[in-house]
Amino acid sequence: MKTLATVILASCIAVPAHAQETRELGTHVHGVSTLQVAVEDGTLSLDLTSPGLDIVGFEYAASTDADKDAVAMAVGRLLKPDDIVTLPDAAGCRLAAASAHLHFGDDHDEDHDDHTAEHNDHAAEHDDHDDHADTEHAEGADHKDEGAKHSAFHATYTYSCDAPDALTSLSFPFFDQFANAQEIEAEYVTAAGAGRTEISRDVAQLDLN
């Protein structure tokens, strides 16, 4: 099975020329998250990255108890996929895995910054994730160095779907959870094709047709 990165890379070749005029996916812009979506062999994969400012209201390394609590609460929300994305019931999708963590700059693999939860089925997403609150976060950017490093939250979700052809659209209660989030720049690839589009707070839906 192709990896999500491979699938998304291949999709870029198929994206219409006019879609290339949108901001480059992955660019750090306040108010704008990025999303990669792939549907293959009955598996739906979503990879979401959001600026720290949009999720918790700051981008520096959490140092105070209040900041750490805010980060832990945000990770807890991201670990509840039903609060982030809504799938069509007809697709018969079950959550297979979910993860969320905070990182700084270009470092996506700081082990001490990683908050990860795995699930065996859709029911498991209702488990209590409060024990993430005690996780410490990497030191890096501070108030004087915000221009050099930016924090971002990274979340991934994997579903097994009985009827992937029914995944015609996804909606995003994500915007209801995070008031500062305004837009999601999305890339997607399915059996029906590939593309790139913008999901706004006003129209919080991604059409996959």
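Thresholds, definitions, all that
- Residues numbered from 1 in each chain as written.
- Predicted model: local features only at pLDDT ≥ 70, side-chain atom pairs only at ≥ 80, totals over all residues.
- Heavy atoms only, no water.
- Helix = DSSP H or I, 4+ residues; strand = E, 2+ residues; numbered from the N terminus.
- Buried < 20%, exposed > 50% of the residue type's maximum accessible area, 1.4 Å probe, protein only.
- Contact = heavy atoms within 4.5 Å.
- Pairing = 2+ DSSP bridges.
- Disulfide = S-S within 2.5 Å.

### A closer look at the overall build of the chain
- Regarding its fold elements, the chain presents four helices and nine strands.
- Written out in order from the N terminus, the α and β elements of the chain read α-β-β-α-α-β-β-β-β-α-β-β-β.
- Scored against the burial criterion, the 209 residues of the chain give a buried share of 46%.
- Within the chain, contacts between residues at least 6 apart in sequence are counted, and of these 68% link residues at least 24 apart.

### A short note on unusual backbone geometry
- In this structure, Asp-41 takes a positive phi of about 50 degrees despite not being glycine.
- Tracing the chain through its elements places Asp-41 in the loop between strand 1 (32-40) and strand 2 (43-51).
- A relative accessible area of 64% means that Asp-41 is categorised as exposed.

### Description of the environment of Asp-176
- Residue placement: Asp-176 occurs in helix 4 (residues 174-177).
- Measuring from C-alpha to C-alpha, the distance between Asp-176 and Ala-204 comes to 9.8 Å, with 28 residues separating the pair along the chain.

### Digging into the pairing of strand 8 (residues 193-200)
- Looking at chain direction, strand 7 (residues 183-190) and strand 8 are connected through eight bridges and run antiparallel. Looking at the pairing, Glu-183 lines up with Ser-200 of strand 8.
- Where strand 7 hands over to strand 8, the hairpin turn is made up of two residues, counted between the paired strands.

### A closer look at the state of the cysteines
- Throughout the structure, instances matching the rule amount to one disulfide.
- Here Cys-93 is linked by a disulfide to Cys-161, with a sulfur-sulfur distance of 2.1 Å. Between Cys-93 and Cys-161, the S-S torsion sits near 105 degrees, and that sign places the bridge as right-handed. Residue Cys-93 is located in strand 3 (residues 93-104), and its partner Cys-161 is located in strand 5 (residues 151-161); the two are separated by 68 residues in the primary sequence. In this structure, Cys-93 and Cys-161 share a single accessibility class: buried.

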